[in-house]
Amino acid sequence: TGHFKFVSSECSVESHQLNSVVSMSVERWHFPMINDERRNSAYNRAIDMCLKGQRVVDIGGGSGLLAMMAARAGAEQVVTVERVGDMAECAS
């Protein structure tokens, strides 16, 4: 399905044991989006201008990148909603 597997950096396991470790799966398309500096800078500039003191709900929060930007910009409260359990855990 195009998933990558991640393991917590706190786990100390041998490479052959990784399949037995609880992992998070992330859709392949997510990596280019997260690493798109131009896109993320544009979002960050807009968030900095608009969200200070506001309450924010991030629907489909994914990795939590935009929610973190909102918190750093001074949002009063940030709530994220993510249906993919692995992504929600990654963001927390």
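Shown above is the structure to which this text applies.
Summarised in this report is the structure supplied together with it. (Residues numbered from 1 in each chain as written. Predicted model: local features only at pLDDT ≥ 70, side-chain atom pairs only at ≥ 80, totals over all residues. Heavy atoms only, no water.)

### What to know about the nonpolar core
In this structure, Ile47, Leu51, Val56, Met69, Ala70, Ala73 and Ala75 together form the largest nonpolar core, which totals seven residues. Among residues more than four places away in sequence, those in contact with Ala70 are Ile47, Leu51, Val56, Ala75 and Val78. (Core = buried A, V, L, I, M, F, W, Y, C linked by side-chain atoms within 4.5 Å. Buried < 20%, exposed > 50% of the residue type's maximum accessible area, 1.4 Å probe, protein only. Contact = heavy atoms within 4.5 Å.)

### Describing the pattern of salt bridges
Within the structure shown, the criterion is met by one salt bridge. Ionic pairing is found between Glu76 and Arg55, a salt bridge with its closest N-O pair at 3.5 Å. Taken together, the positions of Glu76 in the loop between helix H3 (65-72) and strand E4 (77-81) and Arg55 in strand E3 (residues 55-59) put the pair 21 residues apart, joining distant regions of the chain. Residue Arg55 is classed as exposed on the basis of its relative accessible area, which comes to 64%. (Salt bridge = Lys/Arg side-chain N within 4 Å of Asp/Glu carboxyl O. Helix = DSSP H or I, 4+ residues; strand = E, 2+ residues; numbered from the N terminus.)

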